[in-house]
Amino acid sequence: MCLLASCTDFLDIKPYGKTIPKTTEEFSALVNNIVGGIDGGEAGTGVAEALMFGSSDVLSLEEVSDNLEGNLTEYPLGGYLKFYFGDVLSSNWYEHLYEVISRCNMVFDEYKDGRDTREGKDLLGTCHALRGVAYYQLLRLYCVPPLADDEKLGVPLVTKFDMEAKPLRSSVDETVALAESDFKEALKCDIQDEMYRFNNDVVNGYLARLYFWAGRFGEAKTIADELLEKHPLLSGDAYEKMITAHTGLVGNMLIRCDRLESDGYETSNQYLQARPLSASFVKLFAEKDRDIRYRLFFNYRRRNTKAYISSLRSAELALISMESACHLGDNDEALKKLNQLRACRISDCKPYTMATLPAVDKTALVKTDCYGQPLTPLMQTILNERRKELYLEGDRFFELKRNGRPEFWVTNKGLKYTNFQFMYTFPIPPNDIMLNPGLKQNPGYTEMIY
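The following paragraphs examine the structure supplied in this document.

Conventions adopted
- Residues numbered from 1 in each chain as written.
- Predicted model: local features only at pLDDT ≥ 70, side-chain atom pairs only at ≥ 80, totals over all residues.
- Heavy atoms only, no water.
- Helix = DSSP H or I, 4+ residues; strand = E, 2+ residues; numbered from the N terminus.
- Buried < 20%, exposed > 50% of the residue type's maximum accessible area, 1.4 Å probe, protein only.
- Contact = heavy atoms within 4.5 Å.
- Areas by Shrake-Rupley, 256 points an atom, 1.4 Å probe, with all protein chains shown as cover.
- Lys, Arg positive; Asp, Glu negative; His and termini not counted.
- Salt bridge = Lys/Arg side-chain N within 4 Å of Asp/Glu carboxyl O.
- Polar contact = N/O pair within 3.5 Å; in protein donor to acceptor, adjacent residues only side chain to side chain.
- 1 Å grid on protein atoms, 1.4 Å probe; cavity = no way out; pocket = protein on both sides within 12 Å on 5 of 7 lines; lining within 4 Å.
- Points joined across faces, edges and corners; volume = space filled by probe spheres on them.
- Nonpolar A, V, L, I, M, F, W, Y, C, P; charged D, E, K, R; others polar.
- Core = buried A, V, L, I, M, F, W, Y, C linked by side-chain atoms within 4.5 Å.
- Expected span 1.5 Å × (residues − 1).
- Bend = angle between axes of the 7 residues up to and from the residue.
- Pairing = 2+ DSSP bridges.

Summing up its helical and strand segments, the protein has 18 helices and six strands in all. Based on the C-alpha atoms only, the size of the protein along its principal axes is roughly 65 × 50 × 45 Å. The 450 residues of the protein split such that 58% are buried. In the protein, the proportion of contacts linking residues at least 24 apart, taken out of those at least 6 apart, comes to 70%. Split by element, the accessible area of the protein, about 18600 Å² in all, is 51% carbon and sulfur.

Another aspect to go through is the side chain of arginine 256. For arginine 256, the position within the fold is in strand 3 (residues 253-257). It turns out arginine 256 is buried and unbridged, and the closest side chain with the opposite charge, aspartate 258, is 8.0 Å from it. Among the polar contacts made by the side chain of arginine 256, one reaches the main-chain carbonyl oxygen of alanine 245 at a distance of 2.8 Å. Of note is the side chain of arginine 256, whose polar atom sits 3.2 Å from the backbone oxygen of histidine 246.

Of the voids in this model, the largest pocket is the one considered here, and its volume is about 720 Å³. What lines the largest pocket is a set of 33 residues, and nearest its centre among them are Ser280, Leu284, Asp361, Ala364 and Arg387. The set of elements that each furnish at least two residues to the lining of the largest pocket consists of helix 16 (377-389) and strand 5 (408-412). A total of seven residues in the lining of the largest pocket trace back to one element, the largest contributor, which is helix 16. For the lining of the largest pocket, a count of residues per class yields 14 nonpolar, nine polar and 10 charged.

What follows covers the side chain of asparagine 419. Its location among the elements puts asparagine 419 in strand 6 (residues 415-419). Taking the relative accessible area as the measure of exposure, asparagine 419 reaches 0% and is therefore buried. At a separation of 2.8 Å, a polar atom in the side chain of asparagine 419 contacts the main-chain amide nitrogen of phenylalanine 85. Excluding anything up to four places from it in sequence, asparagine 419 contacts Val64, Tyr84, Phe85, Pro406, Glu407 and Phe408.

Let us now look at the nonpolar core. In a soluble, globular protein the nonpolar side chains are often hidden away together inside. Of all hydrophobic cores here, the largest spans 136 residues; its most connected members are Phe198 and Tyr206. Sort the elements by how many residues they give to this core and helix 6 (residues 118-142) lands first, with 13 residues. Each residue touching phenylalanine 198, except ones within four places of it in the same chain, is listed here: Val35, Ile38, Ala129, Leu130, Val133, Ile191, Val203, Tyr206 and Ile255.

Take unusual backbone geometry next. For the peptide bond that leads from tyrosine 75 to proline 76, omega is 20 degrees, which places it in the cis range. Among the structural elements, proline 76 can be located in the loop between helix 4 (55-63) and helix 5 (93-110). Positive phi, close to 75 degrees, is recorded for arginine 197, a residue that is not glycine. The phi angle at leucine 392 is positive, at roughly 65 degrees, despite the residue not being glycine. Examined against the element boundaries, leucine 392 turns out to sit in the loop between helix 16 and helix 17 (396-402). Residue classification places leucine 392 among the buried residues on the basis of a relative accessible area of 0%.

This structure, assessed with the given rule, holds 36 salt bridges. Notably, a salt bridge pairs glutamate 185 with lysine 188, separated by 3.3 Å at the nearest N-O pair. Of the two residues, glutamate 185 and lysine 188 both sit in helix 7 (residues 172-189), three residues apart, roughly one turn of that helix. Overall, the relative accessible area of 29% leaves glutamate 185 in the partly exposed class. What makes lysine 188 exposed here is its relative accessible area of 64%.

The residue serine 170 is located in strand 2 (residues 169-171) in this model. Look at serine 170 and you get buried, because its relative accessible area is 10%. Spatially, the C-alpha atoms of serine 170 and glutamine 380 are 33 Å apart, while their sequence positions differ by 210 residues. Those residues in contact with serine 170 that sit more than four places away from it in its chain are Lys152, Leu153, Gly154, Val155, Pro156, Leu157 and Thr175. Among the polar contacts listed, one links the side chain of serine 170 to the backbone oxygen of valine 155, at a separation of 2.7 Å.

The next subject is helix 2 (residues 24-38). For helix 2, spanning 15 residues, the distance from its first C-alpha to its last is 21 Å, which sits close to the expected 21 Å at 1.5 Å a residue. At asparagine 32, helix 2 shows its strongest bend, of approximately 30 degrees. Looking at helix 2, one finds that the buried residues are Thr24, Phe27, Ser28, Leu30, Val31, Ile34, Val35, Gly36, Gly37 and Ile38. Where the residues of helix 2 are buried, they touch helix 3 (46-52), helix 5, helix 6 and strand 3. Two residues or fewer after helix 2 comes glycine 40, characterised by a positive phi angle close to 80 degrees.

Burial of strand 3 is extensive: five of the five residues sit out of reach of the surface. Bridge analysis of strand 3 against strand 4 (residues 310-313) gives four bridges, and the strand direction is antiparallel. The partner of arginine 256 across the bridge, within strand 4, is serine 311.

With that settled, the discussion passes to empty space enclosed by the protein. Throughout the structure, instances matching the rule amount to three cavities of 30 Å³ or more. In this structure, the largest cavity encloses a volume near 280 Å³. Lining the largest cavity are 22 residues, with Tyr136, Arg140, Arg209, Glu316 and Asp395 sitting closest to its centre. Where the lining of the largest cavity is concerned, the elements lending two or more residues are helix 3, helix 6, helix 8 (200-214), strand 4 and helix 17. Take the lining of the largest cavity: its biggest share by element is four residues, from helix 8. Partitioned by chemical class, the residues of the lining of the largest cavity number 10 nonpolar, four polar and eight charged. The calculated volume of the second largest cavity comes to roughly 40 Å³. Lining the second largest cavity we find Val366, Leu383, Arg386, Arg387, Arg396, Glu399, Leu400 and Asn403.

Honestly, it's all geometry; don't read function into it.
Here's what the structure looks like:
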């Protein structure tokens, strides 16, 4: 299959006549190579980390966004940092994610004996969860935002283990529907074995993320609120312990990538010190020392002090709930959820009322919501709270993409580089276009050499 041109030898089983796994244990070992790799450390793999973005991917996305001041990068350490979107457009996430999909499809097609056992249901459920996450990531990276006015091209949908297939691109809605179906199938399997990582709470968390990205806010809010009942927000010492831990599944994290110790963490963090946080980001912490994040995230020189994290945790669910409520027209509910989160982060926090919300900052980079409507004071405050809370967690790039895809520029060694709107949607890899000329490239990349 053309989309899997860069896959490992495992995916070449049929062409080379190698033995296809048959037992639950053999298939489980193949899937555990992915879920075990999510943990990182020595077991980490690019294929596994593409599903959740490993630490290096989180840093890459943060480095090219607007939370860090690219124009003030210091050298020589700053030379290791990426500084604009063009530096990440050639990432191999596309190939890695389709490798996950192919591996899952192999289990669906070739695994026969044991499907109805508890072990078999755990295995099949995990494959549905992994494939759902893969399509969710492909949707965010290689498709325009679902609520945008652009042509809504999805990605090729592959549901069979067929090395010769050459599927064309689906629509965004069809891509969302397949990911949704996979998550629901995973929930039906009710995964019990902890080694698979994707229990029902994790799968529901990803389903909430999918609905939120797709603009299905009622469904996103319902799931987010149910999970928040089971995994409430943390504050004080418990929050500090979670947010400063660069390893381990801590606090109310439902799942985490790179939870094992890595030799590269300290080095990467050292490089990050060469770029200060942007002044526009720092000024969002209006309460300063009363906000625990102000103390934990950076120092007086605007140098980062936060551990970079790739996880799914309760604060994100709270942010999904409050913004969804706002989009649904329930401003009272949105304001209540906003005040609850702020009370967990800011000491002596006075609750906002609709009358006391900060005025809209006309100089802010993000000027519209995901519908293209001008920001209201409530919506901008919610988006700002998300920007603060999920700093250095791989979220900001997608928030910029989801809310207007604003263009901005940075300078590097005397040259100016512009992050154009089309660059928020990554190009389909040229090799895949060459092997399958029917694949339509994303706008803006028509001058690539194939």
